[in-house]
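The chain contents come next:
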Amino acid sequence: MATGICIGIRFSNGTIAYLQNSDVTTGASGEEILTANQGGDLAQTAGVSVGQAYTGLVATHAFARVQSQAANTGRLLWANFRGPDGAIICPIGGGGWAVGEMVPLYKPVRMTTGVVAYAAWQIQADSGTGIASLDVCSSSKCDNFTVTAVDGANTELLNKDGATLGQSMAGLVANQMTARYPASVGLANNLGGVMALFVTASDGTLKALVPAQAQGQGSFVGPSVTYPVRINQNDGAFVNSDT
């Protein structure tokens, strides 16, 4: 049974782009999502990176949507735009098959050759060992952190290069954080874990709680935490499931 991911984008001049990969491998690594025309039903070129296809345009709104074939269990872990250097420019909001919103991006993203859209997914399950995902944005940098949770234990999230939150964003002030965990009945439904992803200082002091988009059919783009959090070198982001 295949699972696909589509990404819809609106640009500042009103142009709309549709991206879709129809068989995306599950897991935190994700893959690039390319333009699609669905066999010619859409008037756009298929199989091209978004930056190449829409060079010069500025993306202002977007959504990512996961669809499992003949099922409703696929859930978005993360989606984002990346630059030619592979660095994350900006996250893309989204969810499961029923997501019904195209929200403004954290910041506008100008399309150039080398700019790509990536996304990742996992099957929703009643599990304490799913993949937790956290998008973090400051005024100068955005990053994504993931980890496979260990049921009943604090587990630290790392970015795609293996860096902790503090190592990646030391000295910056995070002002938007979005968490996801593909649990069918909640992140800590046995009540022994923590019902949110959390950021701590080096001594374990809590600095942020980020409730995870975790349940249902992923029918909306869940709200982000938007209060400011200064990130220090030894800060970390964690999940503690109990399912």
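(A) Quick look at the overall build of the protein. A tally of helices and strands in the protein yields two helices and 19 strands. For the protein, the C-alpha radius of gyration of 17 Å lies close to 18 Å, the compact-globule estimate for 243 residues. Expressed along its principal axes, the backbone C-alpha trace of the protein runs to roughly 55 × 40 × 25 Å. Burial analysis of the protein (243 residues in total) assigns 51% to the buried set. For the protein, the proportion of contacts with a sequence separation of at least 24, taken over those separated by at least 6, is 70%. Within the structure as shown, the protein displays about 10,100 Å² of accessible surface, and the carbon and sulfur contribution to it stands at 51%. Of note, the protein has its 11 positive side-chain charges centred 10 Å away from the centre of its 15 negative side-chain charges.

(B) Broad picture of the pattern of salt bridges. Following the criterion strictly, the structure yields three salt bridges and no others. A salt bridge links aspartate 135 to arginine 180; its shortest N-O distance comes to 3.3 Å. Residue aspartate 135 is found in strand 10 (residues 131-137), and its partner arginine 180 is found in strand 14 (residues 176-180); the two are separated by 45 residues along the sequence. Of the two residues, aspartate 135 and arginine 180, both sit in the buried class. A salt bridge links aspartate 235 to lysine 207; its shortest N-O distance comes to 2.6 Å. Here lysine 207 lies in strand 16 (residues 206-210) and aspartate 235 lies in the loop between strand 18 (229-230) and strand 19 (236-239), a separation of 28 residues in the sequence.

(C) Representation of the environment of methionine 195 in the model. Residue placement: methionine 195 occurs in the loop between strand 14 and strand 15 (197-200). The exposure class of methionine 195 is exposed, given its relative accessible area of 59%. Sequence spacing of methionine 195 and asparagine 240 is 45 residues, and the spatial spacing of their C-alpha atoms is 7.9 Å. Those residues in contact with methionine 195, other than ones at most four positions away along the chain, are Leu187 and Ala188.

(D) Up close: a nonpolar patch on the surface. A contiguous nonpolar patch, built from Leu206, Leu209 and Tyr227 and spanning about 280 Å² of accessible area, is present on the exposed surface. Summarising the element assignment, tyrosine 227 is placed in the loop between strand 17 (212-213) and strand 18. On the basis of relative accessible area, tyrosine 227 is assigned to the partly exposed category, the value being 37%.

(E) Local environment of the side chain of glutamine 44. Assignment of secondary structure puts glutamine 44 in the loop between strand 3 (27-32) and helix 1 (50-53). In terms of polar contacts, glutamine 44 uses its side chain to reach the backbone carbonyl oxygen of tyrosine 18, at 2.5 Å. When sequence neighbours within four positions are dropped, the list of residues in contact with glutamine 44 reads Ile16, Ala17, Tyr18, Thr35, Ala36, Asn37 and Tyr54.

(F) Examining the packing of aromatic side chains more closely. Taken as a whole and judged by the stated rule, the model has two aromatic pairs. Here arginine 82 stacks its cationic end above the ring of tyrosine 118, 4.3 Å away from the centre of that ring.

(G) Looking closely at the environment of proline 211. Tracing the backbone through its elements, the reader meets proline 211 in the loop between strand 16 and strand 17. In this structure, the C-alpha to C-alpha distance between proline 211 and glutamine 44, residues 167 residues apart in sequence, is 38 Å. Not counting the four nearest positions on each side in its chain, proline 211 is found in contact with Ala179, Ala196 and Val225.

(H) Structural detail: the state of the cysteines. Overall, the coordinates contain one disulfide when judged by the stated rule. Here cysteine 137 engages in a disulfide with cysteine 142; their sulfurs sit 2.2 Å apart. Where cysteine 137 bonds to cysteine 142 through sulfur, the torsion about that S-S bond is close to 115°, and the disulfide is right-handed. Grouping residues by exposure puts cysteine 137 and cysteine 142 together as buried.

(I) Quick peek at the environment of alanine 117. Counting through the fold element by element, alanine 117 comes out in strand 9 (residues 116-123). Once the C-alpha coordinates of alanine 117 and serine 202 are considered, the two residues, 85 residues apart in sequence, prove to be 34 Å apart. The residues touching alanine 117, leaving out its near neighbours within four places in the chain, are Ile7, Leu19, Glu31, Glu32, Ile33, Val50, Asn80 and Phe81.

(J) How the structure looks around the side chain of serine 68. Along the chain, serine 68 falls in strand 4 (residues 58-68). Its relative accessible area of 1% is what places serine 68 among the buried residues. Of the polar contacts made by the side chain of serine 68, one reaches the side chain of threonine 3; its length is 3.0 Å. What serine 68 contacts, discounting residues up to four positions off in sequence, is Met1, Ala2, Thr3, Thr73, Gly74, Trp121 and Ile123.

About the cut-offs
Residues numbered from 1 in each chain as written. Predicted model: local features only at pLDDT ≥ 70, side-chain atom pairs only at ≥ 80, totals over all residues. Heavy atoms only, no water. Helix = DSSP H or I, 4+ residues; strand = E, 2+ residues; numbered from the N terminus. Rg over C-alpha atoms; globule rule 2.2 N^0.38 Å. Buried < 20%, exposed > 50% of the residue type's maximum accessible area, 1.4 Å probe, protein only. Contact = heavy atoms within 4.5 Å. Areas by Shrake-Rupley, 256 points an atom, 1.4 Å probe, with all protein chains shown as cover. Lys, Arg positive; Asp, Glu negative; His and termini not counted. Charge placed at Lys NZ, Arg CZ, Asp CG, Glu CD. Salt bridge = Lys/Arg side-chain N within 4 Å of Asp/Glu carboxyl O. Patch = residues over 30% accessible without salt bridge, like charges linked within 9 Å, V, L, I, M, F, W, Y side chains within 5 Å. Polar contact = N/O pair within 3.5 Å; in protein donor to acceptor, adjacent residues only side chain to side chain. Phe/Tyr/Trp six-rings, centres within 6.5 Å; stacked < 30°, edge-to-face > 60°. Lys NZ or Arg CZ within 6 Å of the ring centre and 35° of its normal. Disulfide = S-S within 2.5 Å.

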